[in-house]
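Residues per chain are reported as follows:
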Amino acid sequence: QVQLVESGGGLVQPGGSLRLSCVMSGNIFVPNHMGWYRQVPGKEREFVATVTTGSTITSDDLTHYANSVKGRSTISRNNAKNTLNLQMNSLKPEDTAVYYCRAILQGREYWGQGTQVTVSS
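Nothing here was measured: the structure is a model prediction, and the numbers come from that model.

### A short note on the overall build of the protein chain
Reasoning step 1: Looking only at helices and strands, the protein chain features zero helices and eleven strands.
Reasoning step 2: Starting at the N terminus, the α and β elements of the protein chain follow one another as β-β-β-β-β-β-β-β-β-β-β.
Reasoning step 3: Relative to a compact globule of 121 residues, whose C-alpha radius of gyration would be 14 Å, the protein chain shows 14 Å and is just as compact.
Reasoning step 4: Taken along the three principal axes of its C-alpha coordinates, the protein chain extends 45 × 30 × 25 Å.
Reasoning step 5: For the protein chain, the residues scored as buried account for 43% of the 121 residues in total.
Reasoning step 6: In the protein chain, of all internal contacts separated by at least 6 residues, the share reaching a separation of at least 24 is 54%.
Reasoning step 7: Counting every atom, the protein chain has about 6800 Å² of accessible surface; 49% of that belongs to carbon and sulfur.
Reasoning step 8: Both charge centroids of the protein chain, one from 11 positive and one from 8 negative side chains, sit 2 Å from each other.

Structure representation (structure tokens):
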């Protein structure tokens, strides 16, 4: 059974940093697409950042960022450890949300349970 487990959330002051991690288990193959999404109460879940396997063996992974986090966040993954990370810097109160990890594996979608990030002084 494939599972995604996020960690690294917490309370941080504006301008601070957090590193979110997502560990995937139960899979044999590496997902060709993984990402981070976030949701606040009363709003739809929104895209934060994604990483997609390059089109050839020698291609780098492709990364995409929401405009709201571009330049402040870095998504990365370690396929050997089945881990997806999101480094978030210069955090703002509007980054407060539950952050979810998502993976697409063999045409199926998987989500983690989420980790709360609160940016407040």
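That covers the picture; the talk isn't over yet.
### What about the side chain of S73?
Reasoning step 1: On the secondary structure map, S73 appears in strand β7 (residues 73–78).
Reasoning step 2: Apart from the residues lying within four places of it in its own chain, the contact partners of S73 are Y65, L86, Q87 and M88.

### Digging into the pattern of salt bridges
Reasoning step 1: For the coordinates displayed, the defined rule picks out five salt bridges.
Reasoning step 2: One salt bridge in this structure joins R72 and D95, with 2.9 Å as the shortest N-O distance. Here R72, found in the loop between β6 (62–65) and β7, pairs with D95, found in the loop between β8 (83–88) and β9 (97–105); they are 23 residues apart in sequence, far enough to count as distant.
Reasoning step 3: On the basis of relative accessibility, which here comes to 1%, the residue D95 falls in the buried class.
Reasoning step 4: By sharing partners, the salt bridges in this structure join R38, E46, R72 and D95 into a single network.

### Examining the nonpolar core
Reasoning step 1: Of all hydrophobic cores here, the largest spans 28 residues; its most connected members are L4, M34, W36, I75, L84, L86 and Y99.
Reasoning step 2: Those elements giving two or more residues to this core turn out to be β3 (18–25), β4 (33–39), β5 (46–52), β8, β9 and β11 (115–119).
Reasoning step 3: Residue contributions to this core peak at five residues, all from β9.

### Notes on the packing of aromatic side chains
Reasoning step 1: Enumeration according to the criterion identifies three aromatic pairs in this entry.
Reasoning step 2: The interplanar angle of 85° and the centroid separation of 6.5 Å between the aromatic rings of Y100 and W111 together place this pair among those described as edge-to-face. You can see Y100 sitting in strand β9 and its partner W111 sitting in strand β10 (residues 108–111), a full eleven residues away along the chain.
Reasoning step 3: In textbook terms, an aromatic cluster arises when at least three aromatic residues are bridged by ring pairs, as seen for Y37, F47, Y100 and W111.

### Considerations on the sheet that holds strand β1 (residues 3–7)
Reasoning step 1: Spatially, β1-β3-β8-β7 is the arrangement adopted by the four strands of the open sheet, whose pairing is antiparallel. Each end of this open sheet is capped by a strand with a single partner; those strands are β1 and β7. Averaged over all adjacent pairs, the angle separating strand axes in this sheet is 15°, with direction ignored.
Reasoning step 2: In this sheet, β8 lies alongside β7 in antiparallel orientation, the contact comprising six bridges. Pairing of N78 across the sheet is with T83, part of β8.

Reading the values: the criteria
Residues numbered from 1 in each chain as written. Predicted model: local features only at pLDDT ≥ 70, side-chain atom pairs only at ≥ 80, totals over all residues. Heavy atoms only, no water. Helix = DSSP H or I, 4+ residues; strand = E, 2+ residues; numbered from the N terminus. Rg over C-alpha atoms; globule rule 2.2 N^0.38 Å. Buried < 20%, exposed > 50% of the residue type's maximum accessible area, 1.4 Å probe, protein only. Contact = heavy atoms within 4.5 Å. Areas by Shrake-Rupley, 256 points an atom, 1.4 Å probe, with all protein chains shown as cover. Lys, Arg positive; Asp, Glu negative; His and termini not counted. Charge placed at Lys NZ, Arg CZ, Asp CG, Glu CD. Salt bridge = Lys/Arg side-chain N within 4 Å of Asp/Glu carboxyl O. Core = buried A, V, L, I, M, F, W, Y, C linked by side-chain atoms within 4.5 Å. Phe/Tyr/Trp six-rings, centres within 6.5 Å; stacked < 30°, edge-to-face > 60°. Pairing = 2+ DSSP bridges. Axes fitted to C-alpha atoms, helices over the stretch in contact; angles between N-to-C directions.

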